[in-house]
Amino acid sequence: MPNIKKIETKPSAKGSSSKSPDKKPVKKPTTAKPKLAKTAKPSSGGASKKASKSADGGNKRTKICASIADWVALGVKEPSRDQVALLADYVPKSAGFLKALGILKKEGMIAYGASNTLTLTEAGKREAPHVEPPKTNAETLERFLSVYNKGSKGETKADLLCQCLADGQPHSTKEAAKACGYEPNKLSGFAKVVGKLSTFGLVDRDKKMLVLADIAFPYGRPGADAAGNTESETESEGSGDSGDSGDE
């Protein structure tokens, strides 16, 4: 038989590496970086928005209920929506005002009456602050004007107009405008004052005449009181004359 030499095969590097245990790379020690506390970023949304919405809703509820209570104290049992809006610092018929009314109606604070009037429910009366009614006509007019002139400084045109009409008698537009310092050919500003006071319910317009409304005189018009006094005085004087003549 031919001699066959045995060829010794050495394990290849590839094979040895597969059989030899893997060596894990040594990780270099690293120093942990301190984590910084996260600061909350101010945003317009989230809880702050809900809180502001809640606070705003409460403010609206209070203002409107207080306005109705003020009107009731001034002798207007069922004020109009426009009157309530003006006293509560709203623009009449604005979307914001109508939305606030809807919320209050849903919450059972107010009730809608005839001719766009508003009244407080029992729940609304508890929400509204207590308002003392004025004790004189002068105090009534003063309270009306303090609301109308809110934010204004000094004497306003509305003050001058109401001073002119405070006797309770009708006055011509020209006369009233002159008392307010308006020139006859420049009455656009005067018309705005009259229009707002009319919406407010404080001034009545009849063609070219102006007069303070009945709500300004919860204790009677000065003219009517004066007429009553004159009649009573005349009657007493007449009875006194007849008595004197009889004694003579």
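Refer to the structure presented above.
These numbers were taken from a predicted model, which means no experiment stands behind them.

J.: Mind laying out helix α6 (residues 137-148), listing which residues take part and the relevant values?
T.: What sets the pattern is the α-helix's 3.6 residues per turn: residues three or four places apart point alike. Given a rise of 1.5 Å per residue, 12 residues ought to cover 16 Å, and the 17 Å separating the end C-alpha atoms of α6 matches this to within 8%. Asn-137, Thr-140, Leu-141, Phe-144, Leu-145 and Tyr-148 are the residues of α6 that are buried. Projection of α6 onto a plane perpendicular to its axis shows the buried side chains occupying an angular sector of 125°, all on one side. Those residues of α6 that are exposed and aimed more than 90 degrees away from the buried face are Ala-138 and Glu-142.

J.: How would you summarise the sheet that holds strand β5 (residues 209-212) if you had to cite specific residues and measurements?
T.: Working definition: the strands of a sheet are paired by backbone hydrogen bonds and lie parallel or antiparallel to each other. The strand order β3-β5-β4 describes an open sheet built from 3 strands, whose pairing is antiparallel. Of all the strands in the sheet, just β3 (171-172) and β4 (203-206) have a single pairing partner and so form its edges. Inspection of the sheet shows β3 paired to β5 by 2 bridges, in the antiparallel sense. Bridged to His-171 within β5 is Leu-210. Contacting β3, β4 and β5, helix α7 (residues 157-165) crosses the sheet at an angle of about 90° to β5.

J.: So what's going on with the side chain of Thr-117? Which residues, and what values?
T.: Topologically, Thr-117 is positioned in the loop between β1 (110-112) and β2 (118-120). The exposure class of Thr-117 is buried, given its relative accessible area of 10%. In this structure the side chain of Thr-117 is engaged in a polar contact, spanning 3.4 Å, whose partner is the side chain of Glu-78. Not counting residues up to four positions away in its chain, the partners in contact with Thr-117 are Glu-78, Pro-79, Ser-80, Ala-111 and Tyr-112.

J.: Would you mind going over the environment of Glu-175 in detail, with residue names and values included?
T.: Here Glu-175 is to be found in helix α8 (residues 173-179). A polar atom in the side chain of Glu-175 sits 2.9 Å from the side chain of His-171.

J.: So, the packing of aromatic side chains: which residues are in play, and what are the values?
T.: Counted by the stated rule, this structure contains 6 aromatic pairs. Between Trp-71 and Phe-144, the ring centres sit 5.5 Å apart and the planes meet at 50°, which makes this aromatic pair tilted. Residue Trp-71 is located in helix α2 (residues 46-73), and its partner Phe-144 is located in helix α6; the two are separated by 73 residues in the primary sequence. With respect to burial, Trp-71 and Phe-144 carry one shared label: buried. With a centroid separation of 6.0 Å and 80° between ring planes, the pair formed by Phe-144 and Phe-200 is classed as edge-to-face. Here Phe-144 is found in helix α6, whereas its partner Phe-200 is found in helix α9 (residues 188-200), with 56 residues between them in sequence. Put simply, the rings of Trp-71, Phe-144, Tyr-148 and Phe-200 pair up and form one aromatic cluster. Sitting over the face of the ring of Tyr-112, Lys-105 holds its NZ or CZ atom 5.6 Å from the ring centroid.

J.: Explain the pattern of salt bridges to me, using residue names and the numbers behind them.
T.: Enumeration over the complete set of coordinates arrives at 4 salt bridges. With a closest N to O distance of 3.6 Å, Lys-125 and Glu-122 form a salt bridge. Separated by 3 residues within a single helix, Lys-125 and Glu-122 lie in helix α5 (residues 122-127), roughly one turn from each other. On the basis of relative accessibility, which here comes to 48%, the residue Lys-125 falls in the partly exposed class.

Thresholds applied
Residues numbered from 1 in each chain as written. Predicted model: local features only at pLDDT ≥ 70, side-chain atom pairs only at ≥ 80, totals over all residues. Heavy atoms only, no water. Helix = DSSP H or I, 4+ residues; strand = E, 2+ residues; numbered from the N terminus. Expected span 1.5 Å × (residues − 1). Buried < 20%, exposed > 50% of the residue type's maximum accessible area, 1.4 Å probe, protein only. Arc of directions from axis to C-beta. Pairing = 2+ DSSP bridges. Contact = heavy atoms within 4.5 Å. Axes fitted to C-alpha atoms, helices over the stretch in contact; angles between N-to-C directions. Polar contact = N/O pair within 3.5 Å; in protein donor to acceptor, adjacent residues only side chain to side chain. Phe/Tyr/Trp six-rings, centres within 6.5 Å; stacked < 30°, edge-to-face > 60°. Lys NZ or Arg CZ within 6 Å of the ring centre and 35° of its normal. Salt bridge = Lys/Arg side-chain N within 4 Å of Asp/Glu carboxyl O.

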